[in-house]
Amino acid sequence: MAVARSKIKSIGAAQSPLLGAAMFSPAVLYILLLVAGPFFLAIFYAFSDARIGNPEMHYVGLENFRSILQSPSFRVAIRNSLIFTICSQIVVIIGANILAISLENTFRGRGLIRFLILLPWVAPIALGAIGWKWILDSIYSVITWVLVAAHIYKPFSAPMWLGEPRLAIASVLLVHSWRMMPFSTVILLAGRTAIPKDIPEAAAVDGAGFWRTQLQIVIPMMRPIISVAVLFGLIFTFTDMTVVYILTAGGPFDSTQTLPSLAFAMGIQGSDLAAGAAISLFLVPVLVIIAYFMLRVAHRAEVN
Amino acid sequence: MAHGISQRIRGKVVKVLVLATFTILLAFPFYWMLITSFKQNVDLYTMENNPFVFNAKPTLDHVRFLFTQTRFVRWLGNTAFVGVFVVAITLMLAVPAAYSLARLSGRWGERLGIGIFLTYLVPPTLLFIPLSRVVAYFGLQDTLWALILVYPTFTVPFSIWLLMGFFKSIPKELEDAAMVDGLTRFGAFIKLVIPISVSGILTVVIFTFTLVTQEFVYALTFISSESNQMIGTGIPIFLVRGDVYYWGALMAACLIASLPIAFMYNLFLDRFIAGFTVGAVK
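Reading guide: rules and limits
Residues numbered from 1 in each chain as written. Chains lettered and ligands numbered in written order. Predicted model: local features only at pLDDT ≥ 70, side-chain atom pairs only at ≥ 80, totals over all residues. Helix = DSSP H or I, 4+ residues; strand = E, 2+ residues; numbered from the N terminus. Rg over C-alpha atoms; globule rule 2.2 N^0.38 Å. Buried ≥ 20, exposed ≤ 12 C-beta atoms within 10 Å, placed from the backbone. Contact = placed C-beta atoms within 7 Å. Expected span 1.5 Å × (residues − 1). Arc of directions from axis to C-beta. Nonpolar A, V, L, I, M, F, W, Y, C, P; charged D, E, K, R; others polar. Axes fitted to C-alpha atoms, helices over the stretch in contact; angles between N-to-C directions. Parallel < 35°, antiparallel > 145°, perpendicular 65-115°, else oblique. Left-handed = near helix turned anticlockwise from the far one by under 90°. Core = buried A, V, L, I, M, F, W, Y, C linked by C-beta atoms within 7 Å. Bend = angle between axes of the 7 residues up to and from the residue. pLDDT = per-residue confidence, 0-100.

**Points about the overall build of chain A**
- Helix and strand counts for chain A stand at 14 helices and 0 strands.
- Reading chain A from its N terminus to its C terminus gives the helix and strand order α-α-α-α-α-α-α-α-α-α-α-α-α-α.
- Computed over the C-alpha atoms, the radius of gyration of chain A is 25 Å, more than 25% above the 19 Å expected from 2.2 N^0.38 for a compact globule of 304 residues.
- Residue burial in chain A is summarised as follows: out of 304 residues, 44% are buried.
- Of all intrachain contacts in chain A linking residues separated by at least 6 positions in sequence, the fraction that spans at least 24 positions is 70%.

Put into structure tokens, the structure is as follows:
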């Protein structure tokens, strides 16, 4: 038996590299052709004068980057991308921690509550965003109606939520936070259920109150999982263009443009592929930093 | 003791309040879709009306309009069509690759797995510009085939990652035993590993399908004509005629398209989360 086993193992091992390569190469080839290839094509376009409808293109050096860096809408887009990403993650991580604590123990109706709370994440974001567009409508907004009913505003004098730059920025920020909070909540919930129950209980016996147990024991133990939630949240928000495109299409006056939405406006709607590609390349440094931290989290978990 | 009980009750009340507040905030847009879908236009577009209640009799007009006067059903069909093909391609690429990386490629299989996972982080908003040229090069502009070609770029990497974890949890001894019984390694994969991995594969199917329904950027970039739209782009772009918003029909469309997707996703959520948190939860 032992001989048979070791023989089988050696056969298996001898077969493995070839068979292994044959089994993963279609996927790797596909990814190389349609992810890595286009990625380098984007870099290539950024140094060219490629336009939609024009098969010719020439090398133009740093020309695209020079004109982008001088354009005010680009600076606004960078600022907005950072504001939306960072501020929404702050809101999300605080809200998600509170929600995860409240959802930790089972109770009747928990399944239904979880389904309702998850809706913003599991429903298509384009459709959720249209719901918000109606809620934030310039005339029939329910928020405006409530404010008028509460006599905070007179009829017809309430602000247009998506029509004024500051309010439009706040609205986009709100929708991004709304969208990501369920995702972070379920990740944190998974982290909480993985913590051995006796640790917080022992802390309670030792006289630590609720807040001290949470802040000094539970949350530090959840640091890796919180990092995962934040890193994914950052990446999903930073690279999203759906929310802005549907709510404001970058307006009013480009005041809510982000890097992805500006790349779309210039590259596809404006037919200037080269400029669009150059703008979207500004996503890369942030993506690299986030990927680095993800690998660190994964590596640390592996070592432990 | 009485002090402890009152404190526990206070804790419960706070918890209920917190949950109620968050649930209302997060689910409100969907409630709003629901109530808007069944309101008459006179009710919707009278500013004095209390928007939280029906001021006129509920109506099915918007739903009827949606199904008879728009291409909504066609968009649902398009989405299902693309979904089926993308699921098939994703399974054909990801299942063997994940098995290979989990079992046959040793230490560097793991490295390659992480590398593939990292490609999941390369967003559509970085690739849509060069891919628009690729799509045009193949003559696929404004066809659903463009989406079928491109969507596996984001479904394959995460699916490989999910399935790798799944295959690793199968005891090696099972395959060894099958091979002692005369199966080849590949035979063991087909006849043994795939059948016992049905639930993992089903997770990938649902995950892929929901991602297809949620995608927006590629569909917006590659598809232009009304009859070729997916639900995610058709509803926001083509249910708006000029500057007129058909809010009743729009909200009905959003709700009808969202709920089944949300429900499916919800059933498998814990498995997806396990994919996101591999390594960070022990």
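**What about helix 5 (residues 106-119) of chain B?**
All names here are of chain B.
- Counted at 1.5 Å a residue, the expected span for helix 5 with its 14 residues is 20 Å, and the 21 Å between its end C-alpha atoms agrees.
- Gly113, Ile116, Phe117 and Thr119 are the residues of helix 5 that are buried. Relative to the axis of helix 5, the buried residues are bounded by an arc of 150 degrees and lie together on one face. Facing away from the buried side of helix 5, by more than 90 degrees, are the exposed residues Arg107, Trp108 and Arg111.

**Remarks on the interface of chain B and chain A**
- Across the contact, 77 residues belong to chain B and 78 residues belong to chain A.
- By residue number, the principal contributor to the side of chain B that touches chain A is helix 14 (residues 247-276) of chain B, which donates 13 residues.
- Of the residues contributing to the side of chain B that touches chain A, the split by class is 57 nonpolar, 16 polar and 4 charged.

**A word on the packing of helix 12 (residues 259-269) of chain A against helix 13 (residues 273-281) of chain A**
All names here are of chain A.
- Running from N to C, helix 12 and helix 13 point in directions that differ by 170 degrees, and their axes come no closer than 7 Å. On the basis of the axis angle, helix 12 is roughly antiparallel to helix 13. Relative to helix 13, the crossing made by helix 12 is left-handed. Mapping the contact onto sequence places Leu259, Pro260, Leu262, Ala263, Phe264, Met266, Gly267 and Ile268 in helix 12 and Leu273, Ala275, Gly276, Ala277, Ile279 and Ser280 in helix 13.

**As for the nonpolar core**
- Counting residues in hydrophobic clusters, the biggest one holds 167 residues, and the most contacted among them are Ile279 of chain A together with Ala94, Ala98, Ile160, Ala253 and Cys254 of chain B.
- Of the residues forming this core, the biggest block, 15 residues, is contributed by helix 14 of chain B.
- Contacts of cysteine 254 of chain B, omitting those with residues within four sequence positions, involve Leu127, Ile130 and Gly131 of chain A together with Met33 and Ile235 of chain B.

**Concerning unusual backbone geometry**
- The omega torsion across glycine 251 of chain A and proline 252 of chain A is -10 degrees, close enough to zero to call that bond cis.
- Position of proline 252 of chain A among the secondary structure elements: in the loop between helix 11 (242-247) and helix 12.
- In the Ramachandran plot, alanine 249 of chain A falls in the positive-phi region, its phi being about 50 degrees despite a non-glycine side chain.
- Its place among the elements puts alanine 249 of chain A in the loop between helix 11 and helix 12.
- The backbone of aspartate 142 of chain B sits at a positive phi, close to 60 degrees, despite the residue not being glycine.

**Quick word on the packing of helix 3 (residues 61-69) of chain B against helix 14 of chain B**
Residues and elements named next belong to chain B.
- Relative orientation of the contacting elements helix 3 and helix 14 amounts to 75 degrees, with a least axis distance of 8 Å. Classified by the interaxial angle, the pair formed by helix 3 and helix 14 is roughly perpendicular. Two secondary-structure elements touch here, helix 3 through His62, Val63, Phe65 and Leu66 and helix 14 through Gly248, Ala249, Ala252 and Ala253.
- Residue composition of the contact of helix 3 with helix 14, grouped by class: 6 nonpolar, 2 polar and no charged.

**Quick word on helix 6 (residues 124-137) of chain B**
Residue and element names in this part refer to chain B.
- Helix length check: helix 6, at 14 residues, gives a terminal C-alpha distance of 19 Å against a target of 20 Å (1.5 Å per residue), a fit within 8%.
- Within helix 6, the axis deviates most sharply at proline 130, by approximately 40 degrees.
- With 10 of 14 residues buried, helix 6 is to be regarded as a mostly interior element.
- Within helix 6, the full set of buried residues consists of Pro124, Thr125, Leu126, Leu127, Phe128, Ile129, Pro130, Leu131, Ser132 and Val135.
- Phi for glycine 139, located one or two positions after helix 6, is positive at around 70 degrees.

**Structural notes on the confidence of the model for chain A**
- Looking at chain A as a whole, the pLDDT averages 88, with 94% of positions reaching at least 70.
- Confidence drops under pLDDT 50 across residues 1-14 of chain A; counting only partners more than four residues distant or on other chains, this segment forms 6 contacts.

**Details of the confidence of the model for chain B**
Residues and elements named next belong to chain B.
- Taken residue by residue, chain B gives an average pLDDT of 89. The fraction at 70 or more is 95%.
- Between the elements of chain B, mean pLDDT differs from a low of 67, seen in strand 2 (residues 244-245), to a high of 97, seen in helix 7 (residues 144-150).
- We note a pTM of 0.91 for the whole complex and an ipTM of 0.90 for its interfaces.

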